[in-house]
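Chain by chain, the residues:
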Amino acid sequence: ASAERFSNASPQPGEPVKLRPLATLNGSWQASFHPANKGAPFARVMTKLLDLSQQADDRALAAFAGTIKYTQTFTLPATGPLILDLGEVNSVSEVSVNGIDLGTTWYGHHRYNITSALKVGSNTVTITVHTVLANMMKNMKEDRSAQQWAFWFKPIPAGLVGPVVLSQPQPL
């Protein structure tokens, strides 16, 4: 397999791809939250990626349902074929780099070929995660319909947990 194999499409879920990790996107992420229930959007600086459903000390996160946009800027000294591996994602993800949409992943490995969107120097990645409604419904204690549906399950993992890793595709 050559680098051209990776230049036109992301690895498909379940496709065997050997990746050589180059860097983990540690550090802070700007996260904007857009609730599904038409509540007011809000923002957080996430110093660490985490499962929102486990944030008992922050009800806005623990009960969140909707769309989250995680944004971070990173620097590349040179470009070449690169795959962005999102690690653990609890739901549907979309990725854009430098404003260029690179697709959506519903299941399997959340890996994106970001080669075509990269430039030498500063690059901005935006990872959009769409969560399920379950945790919001579980926390709607005053809503009888929500409780009839949601009383029986534990909180469902939500959000981008990572680690988010930049990797080079390698021939198999």
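In what follows, the accompanying structure is described.

Scoring rules and cut-offs
- Residues numbered from 1 in each chain as written.
- Predicted model: local features only at pLDDT ≥ 70, side-chain atom pairs only at ≥ 80, totals over all residues.
- Heavy atoms only, no water.
- Helix = DSSP H or I, 4+ residues; strand = E, 2+ residues; numbered from the N terminus.
- Buried < 20%, exposed > 50% of the residue type's maximum accessible area, 1.4 Å probe, protein only.
- Contact = heavy atoms within 4.5 Å.
- Areas by Shrake-Rupley, 256 points an atom, 1.4 Å probe, with all protein chains shown as cover.
- Lys, Arg positive; Asp, Glu negative; His and termini not counted.
- Charge placed at Lys NZ, Arg CZ, Asp CG, Glu CD.
- Pairing = 2+ DSSP bridges.
- Axes fitted to C-alpha atoms, helices over the stretch in contact; angles between N-to-C directions.
- Phe/Tyr/Trp six-rings, centres within 6.5 Å; stacked < 30°, edge-to-face > 60°.
- Polar contact = N/O pair within 3.5 Å; in protein donor to acceptor, adjacent residues only side chain to side chain.

Another aspect to go through is the overall build of the chain. Helix and strand counts for the chain come out as three helices and 12 strands. Over its C-alpha atoms, taken along the principal directions, the chain stretches across nearly 55 × 30 × 25 Å. Within the span of the chain, comprising 172 residues, buried residues form 44% of the whole. The contacts of the chain with a sequence gap of at least 6 include a subset with a gap of at least 24, amounting to 71%. When the accessible surface of the chain is split by element, carbon and sulfur atoms take 55% of a total near 9,200 Å². For the chain, the separation between the mean place of its 14 positive charges and that of its 11 negative charges on side chains is 3 Å.

The next thing to look at is unusual backbone geometry. In this structure, the amide linkage connecting G162 to the following residue, P163, adopts the cis form with an omega of 0°. Its location among the elements puts P163 in the loop between β11 (159-162) and β12 (165-170). The phi dihedral of S91 falls on the positive side, at around 135°, and the residue is not glycine. For S91, the position within the fold is in the loop between β6 (88-90) and β7 (92-97). S91 gets classed as partly exposed once you look at its relative accessible area, which sits at 22%.

Moving on: the sheet that holds strand β3 (residues 42-46). With antiparallel pairing, six strands are arranged side by side in an open sheet as β3-β2-β4-β10-β7-β8. The sheet terminates laterally at β3 and β8 (100-105), the two strands that pair on one side only. Along the sheet, successive strands turn relative to each other by an average axial angle of 20°, direction set aside. Two elements, strand β2 (residues 29-35) and β3, share five bridges in a ladder whose sense is antiparallel. Its bridge partner being in β3, W29 is matched across the sheet by M46.

Turning next to the sheet that holds strand β9 (residues 111-113). Reading across the sheet, the four strands line up as β1-β12-β5-β9 and stay open at both edges, with antiparallel pairing between neighbours. Strand pairing shows two members of the sheet lacking a second neighbour, β1 (18-24) and β9, which therefore form its edges. Across the sheet, the mean angle from the axis of one strand to that of its neighbour is 30°, orientation sign disregarded. Two elements, β1 and β12, share six bridges in a ladder whose sense is antiparallel. Pairing of L19 across the sheet is with P169, part of β12.

Turning to the packing of aromatic side chains, a few remarks are in order. The way to describe two aromatic rings as a pair is by their centre distance and the angle between their planes. Within the structure shown, the criterion is met by three aromatic pairs. With 4.7 Å between their ring centres and 0° between their planes, F33 and F42 make a pair best called stacked. Note on F33: relative accessible area 0%, which makes it buried. Seen in terms of ring centroids, F42 and F64 are 6.0 Å apart; in terms of plane orientation they differ by 85°. Their pairing is edge-to-face. Of the two residues, F42 is situated in strand β3 and F64 in the loop between α1 (59-62) and β4 (66-76); the sequence distance between them amounts to 22 residues.

For the rest of this paragraph, the subject is the environment of R20. Note on placement: R20 falls in strand β1. Take R20: its relative accessible area is 42%, and that puts it in the partly exposed class. With 101 residues separating them along the chain, R20 and G121 place their C-alpha atoms 21 Å apart. Ignoring anything within four residues of it in the chain, the contact list for R20 reads L166, S167, Q168 and Q170. Separated by 2.2 Å, the side chains of R20 and Q168 make a polar contact.

So, to be careful, I would describe these as geometric facts and stop short of saying anything about function.
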